[in-house]
Amino acid sequence: MSGKQQSDASATTGTLGIWGAGRLLARAFSEQVACLRSVYAIADEIVRPPAGSPPEYAIRTGAVPASFFTPRKNLFSTLFYSTYLALDIPKPRRLLYGKLNHLFRIWVTSADNLLDNEDKCVLPLAMPGTSRIMREVVALMAADRVLWRLLNEAVAERTLTAEQANALADESLRCLLPSAAQEASEEGGVTARPDPGYVLDTIHVLKTGLLFNIPFTGVDLVERALDRNRLARIKQALLLFGGGCQILDDVRDIARDFVERRHNYVLSILAHEQPGVLETWSRRTIKAGDRLYFEVLSTSLAAARLGFQRLTDACSVLQEERVLLKGAPVAQIACSMFIALDLEDLAHAYAFA
């Protein structure tokens, strides 16, 4: 293990230690890793070239890096899975939901890669050439086939009824459509910056908040015996958690969203309160990776404080619902997200911890 890998592993351990969810989170992480391995094993069986294909045109699944199974790579997935444990969902169904969560992750990440010209691999594929687009298309199609394999197995094992499996297959698409529509609205670039409140209450909910409720797609359809009020509190807390993360993302991505003309909470504030800043930036060469938040530090810190507050409020509810360990300092849990979201320098600039 390299020095950087050791540093990353240490930071990851520290981050999860701060979360302090004890045995519940450790158990959630263990079962979530098992879900990942199952998804990759099924994909490996499906993604095979037909007999007689020329070797130079063969497509198979690639080797899955060990880093895919680390806590840091599965922070959100583990949080989602811990809700299944807290809700006492039977193991066969929570394992199914964990596998579906990873498929959602493949779908969303592959779509983002296509839209944003990125290469965040979730389903490794070995294929000829350097095609970025076809790689994502194959990943999307493969994930859909894995879904049907999982649902058919669940019916055969009586984990789901046939009716529930069909409903879950349909809903796995429907629940993504609002986020897809929001992404589509930005494809041509944002021509006018909307009110910051609209970004928070509409754009962020569609862009990220809903993705933090998608893990309950199967739960809502199948787990009819659950306390619906408790389930609603957990879902609302995760919606708030996702919104807090998106605010931090917007702070980090000011430059990228300015260059690519995408919605951004901080940019909307500047457009309405300090338009001269955006005019000045428009006359400069801005790179997507620039840390522009240091140039508008007071606005960035105010936004980060709001994100921090949403994270702490969400974590408090999750502690009350026994998803996170009671007694763990919510401020430190929230602050750990600055590290996870590559905003550690801003966390140090303002004493959140």
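Each helix and strand counted, the protein chain has 16 helices and two strands in total. In terms of overall dimensions, the protein chain is globule-like: its C-alpha atoms have a radius of gyration of 21 Å, near the 20 Å expected for 353 residues. If one aligns the C-alpha atoms of the protein chain with their principal axes, the spans along those axes are about 60 × 55 × 45 Å. The buried share of the protein chain, taken over its 353 residues, is 48%. A sequence separation of at least 24 residues applies to 74% of the contacts in the protein chain between residues at least 6 apart. Surface summary for the protein chain: the accessible area is close to 16,600 Å², and the carbon and sulfur share equals 54%.

A few words now on the pattern of salt bridges. Across all of its chains, the model carries 20 salt bridges by this definition. Note that Glu31 is salt-bridged to Arg27, the shortest N-O span being 3.7 Å. Pair noted here: Glu31 and Arg27 are both in helix α2 (residues 22-46), with a separation of four residues, about one helical turn. Since its relative accessible area comes to 9%, Glu31 is described here as buried. A salt bridge links Glu118 to Lys120; the nearest nitrogen and oxygen atoms lie 3.5 Å apart. The exposure class of Lys120 is exposed, given its relative accessible area of 53%. One network of salt bridges, in which partners are shared, links Asp116, Glu183, Glu186, Lys207 and Arg262.

What follows covers helix α12 (residues 265-273). Those residues of α12 that sit buried are Tyr265, Val266, Leu267, Ser268, Ile269 and Leu270. Capping the start of α12, Asn264 holds a side-chain oxygen 2.9 Å from the backbone nitrogen of Val266, two or three residues further along.

Right, let's talk about the side chain of Thr312 for a bit. By the secondary structure assignment, Thr312 is in helix α14 (residues 297-320). By relative accessible area, which is 9% here, Thr312 ends up buried. Engagement of the side chain of Thr312 in a polar contact is seen with the backbone oxygen of Gln309, the distance being 2.8 Å.

With that settled, consider empty space enclosed by the protein. Scanning the model with the defined rule gives two cavities of 30 Å³ or more in all. Elements supplying a minimum of two residues to the lining of the second largest cavity: α4 (91-116) and α9 (217-222). Ranked by residues supplied to the lining of the second largest cavity, first place goes to α4 with four residues. Across the lining of the second largest cavity, the residue classes break down as six nonpolar, three polar and no charged.

Take the packing of aromatic side chains next. For the structure shown, the criterion picks out 13 aromatic pairs. Ring centres 6.4 Å apart and planes at 45° place the aromatic pair Tyr40 and Phe68 in the tilted group. Taken together, the residues Tyr40 in helix α2 and Phe68 in the loop between β1 (60-61) and α3 (75-86) connect sequence positions 28 residues apart. Neither residue differs from the other here; Tyr40 and Phe68 are each classed as buried. Where Phe308 meets Phe338, the ring centres are 6.4 Å apart and the plane angle is 55°; that geometry is what we call tilted. Pair noted here: Phe308 is in helix α14 and Phe338 is in helix α15 (residues 330-340), with a separation of 30 residues, a long-range link.

Our next topic: the environment of Asp253. Along the chain, Asp253 turns up in the loop between α10 (228-252) and α11 (254-260). Exposure remark for Asp253: the relative accessible area of 17% places this residue in the buried category. Asp253 sits 13 residues away from Val266 along the chain, and the two C-alpha atoms are 9.4 Å apart.

At a minimum axis separation of 9 Å, helix α8 (residues 196-207) and α10 run at an interaxial angle of 100°. When the interaxial angle is binned, α8 and α10 end up roughly perpendicular. Seen from α8, the contacting residues are Val199, Leu200, His204, Val205 and Lys207; seen from α10, they are Leu239, Gly243, Gln246, Ile247 and Asp250. For the contact of α8 with α10, the class distribution of residues is five nonpolar, three polar and two charged.

Thresholds applied
Residues numbered from 1 in each chain as written. Predicted model: local features only at pLDDT ≥ 70, side-chain atom pairs only at ≥ 80, totals over all residues. Heavy atoms only, no water. Helix = DSSP H or I, 4+ residues; strand = E, 2+ residues; numbered from the N terminus. Rg over C-alpha atoms; globule rule 2.2 N^0.38 Å. Buried < 20%, exposed > 50% of the residue type's maximum accessible area, 1.4 Å probe, protein only. Contact = heavy atoms within 4.5 Å. Areas by Shrake-Rupley, 256 points an atom, 1.4 Å probe, with all protein chains shown as cover. Salt bridge = Lys/Arg side-chain N within 4 Å of Asp/Glu carboxyl O. Polar contact = N/O pair within 3.5 Å; in protein donor to acceptor, adjacent residues only side chain to side chain. 1 Å grid on protein atoms, 1.4 Å probe; cavity = no way out; pocket = protein on both sides within 12 Å on 5 of 7 lines; lining within 4 Å. Points joined across faces, edges and corners; volume = space filled by probe spheres on them. Nonpolar A, V, L, I, M, F, W, Y, C, P; charged D, E, K, R; others polar. Phe/Tyr/Trp six-rings, centres within 6.5 Å; stacked < 30°, edge-to-face > 60°. Axes fitted to C-alpha atoms, helices over the stretch in contact; angles between N-to-C directions. Parallel < 35°, antiparallel > 145°, perpendicular 65-115°, else oblique.

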